[in-house]
Amino acid sequence: MTPLAAHARAVTRAHNRFGWSALRLLAPERGFLAYELLYAYFRWADDIVDAPGRDASAVASFVAEQEALRVAARAPEGLNEEALGEALRLEPRLRGVASMMAQALVFDARRNSDPMSRADLDRQVRRVGDSYLKAVWICLGDAGEPPGGVALLARAATRVHLLRDHGLDLALGYDNRQPDAAGAPIPTGEWAAALASQARAEFRSGRDALGSVPRWRTRWLLRLWAWRYERALPGLVRALSSPKPGGA
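Description of the structure in this document. The structure presented is a predicted model; accordingly, all values stated were derived computationally and were not measured. (Residues numbered from 1 in each chain as written. Predicted model: local features only at pLDDT ≥ 70, side-chain atom pairs only at ≥ 80, totals over all residues. Heavy atoms only, no water.)

### Quick look at the overall build of the protein chain
Put simply, the test is: A run of H or I in DSSP becomes a helix once it reaches four residues, and a run of E becomes a strand once it reaches two; helices and strands are each numbered from the N terminus. Contacts are assigned to residue pairs with any non-hydrogen atoms lying within 4.5 Å of each other. Only the protein chains shown count as cover for residues, and all accessible areas are computed by the Shrake-Rupley method using a 1.4 Å probe. For the charge count, each Lys or Arg is scored as positive and each Asp or Glu as negative, with His and the chain ends excluded. By convention, the charge on Lys lies at NZ, on Arg at CZ, on Asp at CG and on Glu at CD.
From N to C terminus, the protein chain includes 12 helices and zero strands. From first element to last, N terminus to C terminus, the protein chain shows the α and β order α-α-α-α-α-α-α-α-α-α-α-α. For the C-alpha atoms alone, the extent of the protein chain along its principal axes is close to 50 × 45 × 25 Å. In the protein chain, the proportion of contacts linking residues at least 24 apart, taken out of those at least 6 apart, comes to 74%. Carbon and sulfur atoms make up 55% of the accessible area of the protein chain, which totals about 11900 Å². A distance of 7 Å separates the average location of the 34 positive side-chain charges in the protein chain from that of its 28 negative side-chain charges.

### Side note on the nonpolar core
The following threshold applies: Put simply, a nonpolar core is a bunch of buried Ala, Val, Leu, Ile, Met, Phe, Trp, Tyr and Cys residues held in one set by side-chain atoms that sit within 4.5 Å of each other. Think of it in three bands: residues with accessible area under 20% of the maximum for their type are buried, residues over 50% are exposed, and the middle band is partly exposed, with areas taken using a 1.4 Å probe on protein chains only.
Leu 23, Leu 38, Phe 42, Val 49, Leu 84 and Leu 94 are the most contacted members of the largest nonpolar core, which has 40 residues in total. Among the secondary structure elements, those contributing two or more residues to this core are α1 (3–15), α2 (17–26), α3 (29–49), α4 (56–70), α5 (78–90), α6 (94–109) and α7 (118–139). The leading source of residues in this core is α3, at 10 residues. Not counting residues up to four positions away in its chain, the partners in contact with Val 49 are Arg 54, Val 59, Phe 62, Val 63, Leu 105, Asp 108, Ala 109 and Tyr 174. Core analysis: the second largest hydrophobic core is formed by 33 residues, Val 160, Leu 162, Leu 210 and Tyr 229 among them.

### Here we look at the pattern of salt bridges
Inclusion rule: For salt bridges, the criterion is a side-chain nitrogen of Lys or Arg within 4 Å of an Asp or Glu carboxyl oxygen.
Throughout the structure, instances matching the rule amount to 16 salt bridges. In this structure, Asp 130 engages Arg 155 in a salt bridge whose closest nitrogen and oxygen atoms are separated by 2.8 Å. Of the two residues, Asp 130 sits in helix α7 while Arg 155 sits in helix α8 (residues 151–164), which places them 25 residues apart along the sequence. For the pair shown, Asp 130 and Arg 155 are each scored as buried. Between Asp 142 and Arg 215 there is a salt bridge, with its nearest N and O atoms 3.3 Å apart. With Asp 142 in the loop between α7 and α8 and Arg 215 in the loop between α10 (188–209) and α11 (216–230), this pair connects stretches of sequence that are 73 residues apart. Bridged by salt links that share partners, the residues Arg 118, Asp 122, Arg 159 and Glu 202 form one connected network.

This is how it looks when you write it as structure tokens:
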């Protein structure tokens, strides 16, 4: 194993053990390595964009540098940047995925502590959820595009992520709650209940769409993935309905 592949494997195993284990079991070798490489790159980039106490100008410069890398306007520096190029070489179809994931990073890089509008939240959920689903789809070796309704599973899982990481996001200066009539964030419990309700509806519709996925392995993985996230919803809503002082 090359140093680059070993690096990508270590990062993916440490931060996304379920995804790593599932793709290792089900994906062809080339697709599995591409998944590890792509994940390692965006895990690194996301940690820089979302760093506690980040400097806004430094983050903006970083995002611009990564855009230049993505369009091959400059050479990669270090294993993390090399991982992106190698992932796209192994699976050229991931280029569109990388573009969508990069748009999600750009959005986070420009955020401040203001409450997030419903439209902005839904757009970011689609960017993150749809890009991850398509990455899994491609790396598993599935042809064409994921059926449209299946994307709802990924969006629902992304909403669960928002609930799970609410306290961390507040500490970073992000507030994913929607504003009330006065512009202040709505109560955390109200926000959590509404987000969970939407996620449950998306899980139901997404599962109904799984019959249009041709390969049983992909259907099985997506069903298991959705189940893992959906089962976490009740506990998350309970915890956020009695937030600690400070809104977390």
